[in-house]
Amino acid sequence: MSGGITGRLNEVRSGSAFLMVGAALLASAPSAFGQTPSVETAQENVSRTGEPFEFALIGDYPYTPRDRAGMPHLMDELRRDRSIQFLLHLGDIHSPQETDCSEALFRERRAVLLEAGHPLVLTPGDNDWADCKGDPVAQLETLRRVFYAEPDRAAGSGGFALRSQAAGEEFPELVENVIWEREGVVFATLHMIAPDPRNVFDGTSETRARLIRGSEAWLVEVFRVAKERDARGVFL
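Residues numbered from 1 in each chain as written. Predicted model: local features only at pLDDT ≥ 70, side-chain atom pairs only at ≥ 80, totals over all residues. Heavy atoms only, no water.

K.L.:
Please set out the pairing of strand 7 (residues 178–182) residue by residue, giving values where relevant.
P.N.:
Counting buried residues along strand 7, five of its five residues qualify, which places the element largely inside the surrounding structure. Residues of strand 7 alternate between two faces, with Val-178, Trp-180 and Arg-182 on one and Ile-179 and Glu-181 on the opposite face, all of them buried. Here strand 7 pairs with strand 8 (residues 185–188) via four bridges, running antiparallel. By the bridge assignment, Arg-182 is partnered in strand 8 with Val-185. Here strand 7 folds back onto strand 8, and the loop between the two strands holds two residues, one of which, Glu-183, carries a positive phi near 50°. (Buried < 20%, exposed > 50% of the residue type's maximum accessible area, 1.4 Å probe, protein only. Helix = DSSP H or I, 4+ residues; strand = E, 2+ residues; numbered from the N terminus. Pairing = 2+ DSSP bridges.)

In C-alpha cells:
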C-alpha cells in the first residue's frame, strides 16, 4: 500500500477543536476494491479512478457558547466548498459540563452538522455518552438511535453506502463502527473509550470493554480488507 493524506488545518477556536480539509494523494494504479460481496455492498457508485479527493475532519466541537455561535458560520464555509466529498466528525459533539446529554441535543447537533451539505460520518466520543450525568449506557443507546438509524449509509444528502460492524453476528450493537472506500483508500471508524478506574462505579466498564474488543476485531477486518484490495492507504 502506498499514498498519504495532506490537508489544510484551520483553527476553529483555541483549544482542541479543529477543522481539517484533507486531500488524499493516491498512486496511479486503479484499485481492485469491491471484488468481495461482503464489501461490495458498501461501494455502490464509488469512483475508483485513483484521483485525489478532499474531505473535512472535525473533532471536539462545539463545546462552548462561543463554539455554538460560530458553528453556523463553519457549516456555511463547508457548504460553499463543493470540493469536499464528505464530512467526518471524531466525536465529542458537546461538553457535558456545558450542555445536558439528551435526545433533543443530539438531534440538534445532527441537524446542524448536516447543514454543511455533505455526507456525514460520526464516531462517538466519551463526552457524547460516557461522561454524561445519569445513565451513560442509556445515553449511548440514545446517541445510536439518533445518529445511526441507518448504519449502512452515511447521513445526509448524497449519503453513500457503508458497511457496519453491526451487520455481523458478534457485535450487533456496534452500528457506529463502519468501513467504506474512496479512490482506493479504505476509511473506517473505531469507537473506543479508554478504561478508567471510576468505571467500576458508573456502570460502564462492561460496555467500554466490549467496545474495545469489538474495535480490535474491526481493526483486524479493516486491514484484512485493505490488504485484499491492495489499498493505497487506510484512514482510521
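Having seen the structure, we can now continue with the description.
K.L.:
Now, about the confidence of the model for the chain: what can you tell me, with residues and values included?
P.N.:
On average, the chain scores 82 in pLDDT, and the residues at 70 or more come to 75%. In this model, residues 22–45 is a region of pLDDT below 50 whose contacts with residues beyond four sequence positions or in other chains number 67 contacts. (pLDDT = per-residue confidence, 0-100. Contact = heavy atoms within 4.5 Å.)

K.L.:
Which residues make up the packing of aromatic side chains, and what are the values?
P.N.:
In the structure shown here, the tally under the stated rule is 13 aromatic pairs. Measuring from ring centre to ring centre gives 6.2 Å for Phe-53 and Phe-55, while their planes differ by 40°; the resulting arrangement is tilted. Put simply, the rings of Phe-53, Phe-55, Phe-86, Phe-160, Trp-180, Phe-187 and Phe-235 pair up and form one aromatic cluster. In this structure, Arg-182 is placed above the aromatic ring of Phe-160, and the distance from its NZ or CZ to the ring centre is 4.9 Å. (Phe/Tyr/Trp six-rings, centres within 6.5 Å; stacked < 30°, edge-to-face > 60°. Lys NZ or Arg CZ within 6 Å of the ring centre and 35° of its normal.)

K.L.:
Describe helix 6 (residues 205–229), listing the residues and the values that go with them.
P.N.:
If you check helix 6, its first and last C-alpha atoms are 36 Å apart, about what 25 residues at 1.5 Å a residue would give, namely 36 Å. Among the residues of helix 6, those classed as buried are Thr-207, Arg-208, Leu-211, Ile-212, Gly-214, Ser-215, Trp-218, Glu-221, Val-222, Val-225, Ala-226 and Arg-229. (Expected span 1.5 Å × (residues − 1).)

K.L.:
Tell me what's going on with a nonpolar patch on the surface, and back it up with residues and numbers.
P.N.:
Residues Leu-219, Phe-223 and Leu-236 make up a contiguous nonpolar surface patch of roughly 250 Å² in combined accessible area. Assignment of secondary structure puts Leu-219 in helix 6. (Patch = residues over 30% accessible without salt bridge, like charges linked within 9 Å, V, L, I, M, F, W, Y side chains within 5 Å. Areas by Shrake-Rupley, 256 points an atom, 1.4 Å probe, with all protein chains shown as cover. Salt bridge = Lys/Arg side-chain N within 4 Å of Asp/Glu carboxyl O.)

K.L.:
Go over the pairing of strand 8 with me, naming the residues and quoting the values.
P.N.:
Judged by which residues are buried, strand 8 turns out to be covered on both faces: Val-185 and Phe-187 on one side and Val-186 and Ala-188 on the other are all buried. The sheet contact formed by strand 8 and strand 9 (residues 233–235) spans three bridges and is parallel. Bridge pairing in strand 9 places Val-186 opposite Val-234.

K.L.:
Would you mind going over the nonpolar core in detail, with residue names and values included?
P.N.:
Membership of the largest hydrophobic core comes to 18 residues, with the highest contact counts inside it found for Phe-106, Trp-129 and Phe-147. Examining the composition of this core, we find that four residues originate from one element, helix 4 (residues 136–147), more than from any other. Setting aside anything within four residues of it in sequence, one finds Phe-147 in contact with Ile-93, Phe-106, Arg-110 and Leu-122. (Core = buried A, V, L, I, M, F, W, Y, C linked by side-chain atoms within 4.5 Å.)

K.L.:
An account of helix 4 is requested, with residue identities and associated values reported.
P.N.:
End to end, helix 4 covers 16 Å across 12 residues, agreeing with the expected 16 Å (1.5 Å per residue, within 8%). Every buried residue belonging to helix 4 is among Pro-136, Gln-139, Leu-140, Thr-142, Leu-143, Arg-144, Val-146 and Phe-147, and all of these are buried. One side-chain oxygen at the N-terminal end of helix 4 lies 3.1 Å from the backbone nitrogen of Val-137; it belongs to Asp-135. (Polar contact = N/O pair within 3.5 Å; in protein donor to acceptor, adjacent residues only side chain to side chain.)

K.L.:
Describe the environment of Ala-166, and please don't skip the residues or the numbers.
P.N.:
Within the secondary structure layout, Ala-166 lies in the loop between strand 6 (163–164) and strand 7. Residues Ala-166 and Pro-151 lie 15 residues apart in sequence; the distance between their C-alpha atoms is 8.0 Å. Each residue touching Ala-166, except ones within four places of it in the same chain, is listed here: Phe-171, Pro-172, Leu-174 and Val-175.

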